[in-house]
Amino acid sequence: MRSLRKIKNYPSAYLILFLLLGIFLLFSCSNELSFRQVNLNELSFSKDTIYLDTVFTNIGSSTYTLKVYNKTKDDIQIPNIYLENGESSNFRLNVDGISGKNFNNVEILARDSMYVFIETTVDIKTLSDNETQFLYEDKIKFSDVGEVNLMTLVLDAIFLYPKKNNQGIKETIQIGSNEDGDNIEIEGFYLNDDQLIFTSEKPYVIYGYMAIPSDKKAIFEAGSRLYFHENSGIIVANNASISINGELSNNPEKMEGEVIFQGDRLESEYDNIPGQWGTVWLTFGSKNHIINNLTIKNASIGILVDGGGNSANESLILRNTQIHNSSYINLWAKNAFIRSENSVFGNAGQYSFLANLGGNYSFTHCTFANFWDYSYRSAPTVLVSDFILLNDNSVLTEALTKGYFENCIIDGNQPTEYFVEKSSNDEFNLRVINSSIKFNLSENYTDENSFFDWQNENFYSNIFLNKKSSFINIENNNFGIDQNSEVLNKGSTNGAYNVPKDLNGFFRNETIDLGAYQHVIVDID
């Protein structure tokens, strides 16, 4: 009862408490309503221009980010954030979590910031009747106190993709059958006769596997560009062939003469991301493939050549070609017949060149260089063998009728980058001449394997072990060599006679350097 009397005797305590609470709420409400209008020079931006990377017509871009900073000690309000081209703009915004093209009374707390997200989808035909590319621009306006430029390059393109039937099911092509005899099919389509010539007029964007029908030839003219979506590629059917007619470029950076196959993600951060698309598959029975000045980037398997090792003529002639950043293998040959000159087989998740189940191979002035660093790699840069292991663990073998390497470089970031395996009593004709090989297996191992006896003249002549190649820029897939290379003037005259110019078109006359490139003088900082 004493405590009750105390409360009754002191009602002013409650009054004081309610007054304090009221004052607190008053100030809190006052603070919430204290945003003032922004003035000139009170905003800053993470960028004054947002360059959205190149996009194909009617294909949405990635999302790009702009950060807007309130530099003042006050809570501010931006009366209007909008696109200068208004509702007709091809850009889309998301401001502080709200999508649109016009935003009113946007608030930023003192010394705080907010995000603006930008995307675009552009139909180039609404911008130009005849241009194949168009620089599209707009601005984000922040009332009258600031602005940020928006720019994207839009490319017109030819889109090739599987059609859908009345039930919405996409077209497929058969690529084989399983052990039970059931067909194996993948999403894809066969080219029509009027689609077999690829020009440099517009780029091509491929969805699904594009198949060259039997008895047909696909021709890729100089400067043509093919961009492959995920799980896409090229399949060449029985008796079909491809002819890739790239040319030496006047500007090596623009590569205007080369034919280029790569993924369809054009953002700069995807420039060297492996495994963005499938492969170029030259199937068993396809024939007479000729490839000149082709660059393949970021596939799963660059080129897969299946069969032809016992044919009278090459199934693939590969000249002045580069294959980089395949997530698995750059060039995979299964009992194939390949002749290659002046070509580069660069970084790959496993092999730069894998030849299994025998075959017939000739490489002159080629560079095999695997400095893969995306994940652990257990495979050597080059592996040549005469067998494959089947699903039931049985071994299938074929003869290696020819395995010839002259004036080549075999290098990488593993201790040993060259390996040979023989499983049968069939012929195994290996010959490596005037070539640089990275090899660091123990003598106890190599003594038991004649394929690693570098003095064995049946297999080797003038082998240069563990020399410094001194590549110019491995990270950017530039496997040219500089003046510090230890493989300068190590080549045979026979190889230079057969391949007198290097990949850049320079003559091999004063010196005969190993690999696809003659050395260049590079300034060393």
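Every chain is numbered independently, its residues counted from 1 as its sequence is written. Note on the predicted model: pLDDT of at least 70 is required for a residue's local features to be given, and 80 or more for side-chain atom pairs to be given and counted; whole-chain, interface and lining totals, by contrast, use all residues. As a rule here, side-chain values come from all non-hydrogen atoms in the structure, and water together with hydrogens is ignored.

### Considering the overall build of the chain
Helix and strand labels come from DSSP, where a helix needs a run of H or I of at least four residues and a strand needs a run of E of at least two; each type is numbered from the N terminus. Helix and strand counts for the chain come out as four helices and 42 strands. Taken over the C-alpha atoms alone, the chain extends approximately 115 × 60 × 60 Å along its principal axes. Out of the 525 residues in the chain, the part that is buried amounts to 49%. Residue pairs in contact within the chain that sit at least 24 positions apart in sequence constitute 65% of those at least 6 positions apart. Per-residue and other accessible areas follow the Shrake-Rupley method at a 1.4 Å probe size, with only the shown protein chains counted as cover for residues. Approximately 26,200 Å² of the chain is accessible, and the part contributed by carbon and sulfur atoms is 47%. Under the counting rule used here, the positive set is Lys and Arg, the negative set is Asp and Glu, and His together with the chain ends is not counted. Charge positions come from single atoms, namely NZ of Lys, CZ of Arg, CG of Asp or CD of Glu. Mean positive and mean negative side-chain charge positions of the chain (39 and 66 charges, respectively) differ by 9 Å. Think of it in three bands: with a 1.4 Å probe and only protein chains considered, a residue is buried below 20% of the maximum accessible area for its type, exposed above 50%, and partly exposed in between. We call two residues in contact whenever any of their non-hydrogen atoms come within 4.5 Å of each other.

### Quick notes on the pairing of strand β32 (residues 367-370)
Residues Thr367 and Ala369 of β32 are buried on one face, and the alternating residues Phe368 and Asn370, pointing to the opposite face, are buried as well. Sheet analysis places strand β30 (residues 344-345) next to β32, joined by two bridges and oriented parallel. Its bridge partner being in β32, Phe345 is matched across the sheet by Phe368. When DSSP finds at least two bridges between two strands, those strands are taken to pair. In terms of strand pairing, β32 meets strand β37 (residues 409-412) through four bridges, oriented parallel. The partner of Ala369 across the bridge, within β37, is Asp411.

### A word on the sheet that holds strand β2 (residues 43-45)
Sheet strands associate in pairs through backbone hydrogen bonding, adopting either a parallel or an antiparallel arrangement. The five strands are arranged β2-β4-β9-β6-β7 in an open sheet whose pairing can be described as antiparallel. Strands with a single pairing partner mark the edges of an open sheet, and in this sheet they are β2 and β7 (98-100). Between one strand and the next, the sheet's axes are offset by a mean angle of 25°, whatever the strand orientation. The pairing of strand β6 (residues 91-95) with β7 spans three bridges and is antiparallel. Opposite Val95, over in β7, you have Ile98 as the bridge partner. Fitted lines through C-alpha atoms serve as axes, helices being fitted only where they are in contact, and the angles separating the N-to-C directions of these axes extend from 0 to 180 degrees.

### Regarding the confidence of the model for the chain
Residues of the chain with pLDDT of at least 70 account for 92%, and the chain-wide mean is 92. Note on residues 1-10: pLDDT under 50 across the span, and one contact to partners over four residues away in sequence or across chains. The predictor attaches a confidence to each residue, called pLDDT, with possible values from 0 through 100.

### A look at the packing of aromatic side chains
Stacked, tilted and edge-to-face pairs are distinguished by plane angle, under 30 degrees for stacked and over 60 for edge-to-face with tilted covering the rest, among Phe, Tyr and Trp rings (Trp via its six-membered ring) whose centres lie within 6.5 Å. Under the criterion given, the structure shown has 32 aromatic pairs. Note on Phe371 and Phe471: the rings are 5.9 Å apart at their centroids and 80° apart in plane angle, and the pair reads as edge-to-face. Within this pair, whereas Phe371 is found in the loop between β32 and β33 (382-385), its partner Phe471 is found in strand β41 (residues 471-473), the two being separated by 100 residues in sequence. By the burial criterion, Phe371 is buried, and Phe471 matches it. Ring-pair connections join several aromatic residues into one group, and the members of that group are Tyr418, Phe419, Phe428, Phe439, Phe451, Phe452, Trp454, Phe459 and Tyr460. Only when the NZ atom of a Lys or the CZ atom of an Arg is both within 6 Å of the ring centre and within 35 degrees of the ring normal do we say a charge sits over the ring. Looking at Lys402, its charged tip hangs above the ring of Tyr404, at a distance of 5.3 Å from the centre.

### A short note on the nonpolar core
Definition of nonpolar core: a set of buried residues of the types Ala, Val, Leu, Ile, Met, Phe, Trp, Tyr and Cys, connected through side-chain atoms within 4.5 Å. With 76 residues, the main nonpolar core has Phe261, Ile303, Phe353 and Tyr418 as its most contacted residues. For Tyr418, the residues in contact, after removing those within four places along its chain, are Pro380, Val382, Ile410, Leu430, Val432, Ile437, Lys438, Phe439, Phe451, Phe452, Trp454 and Tyr460. Listed in part, the 30 residues of the second largest apolar core include Val38, Val55, Ile118 and Ile140.

### Details of unusual backbone geometry
The phi dihedral of Arg111 is positive, around 55°, even though this residue is not glycine. Assignment of secondary structure puts Arg111 in the loop between β8 (102-108) and β9 (113-120). One non-glycine residue with positive phi stands out, namely Asn489, at about 55°.

### Section: the environment of Asn80
Looking at the element boundaries, Asn80 is found in strand β5 (residues 76-83). In this structure Asn80 comes out as buried when scored by relative accessible area, which is 18%. Along the sequence, Asn80 and Asn105 sit 25 residues apart, while their C-alpha atoms lie 6.0 Å from each other. In contact with Asn80, not counting residues within four places along its chain, are Asn102, Phe103, Asn104, Asn105, Lys141, Phe142 and Ser143. For this analysis, a polar contact is any N or O atom pair within 3.5 Å, provided that within protein one partner can donate a hydrogen and the other can accept it, and provided that sequence-adjacent residues contribute only side-chain to side-chain pairs. At 2.9 Å, the side chain of Asn80 forms a polar contact with the backbone oxygen of Phe103.

### Some thoughts on the side chain of Thr364
Structurally, the position occupied by Thr364 is in strand β31 (residues 351-364). We classify Thr364 as buried; its relative accessible area is 9%. When sequence neighbours within four positions are dropped, the list of residues in contact with Thr364 reads Ser340, Glu341, Asn342, Glu406, Cys408, Gly495 and Val499.

### Description of a negative patch on the surface
Nonpolar side chains (Val, Leu, Ile, Met, Phe, Trp, Tyr) within 5 Å and like charges within 9 Å form the patches, drawn only from residues with over 30% relative accessible area and no salt bridge. A side-chain nitrogen of Lys or Arg and a carboxyl oxygen of Asp or Glu constitute a salt bridge if their distance falls within 4 Å. A cluster of acidic residues, Glu179, Asp180, Asp182 and Asp392, forms a negative patch on the protein surface. Of note, Asp180 is situated in the loop between β13 (172-177) and β14 (183-190).

### Describing the side chain of Asn94
Within the secondary structure layout, Asn94 lies in strand β6. There is a polar contact of 3.0 Å between the side chain of Asn94 and the backbone nitrogen of Gly97. Asn94 has contacts with Ser99, Tyr115, Val116 and Phe117, leaving out every residue within four places of it along the chain.

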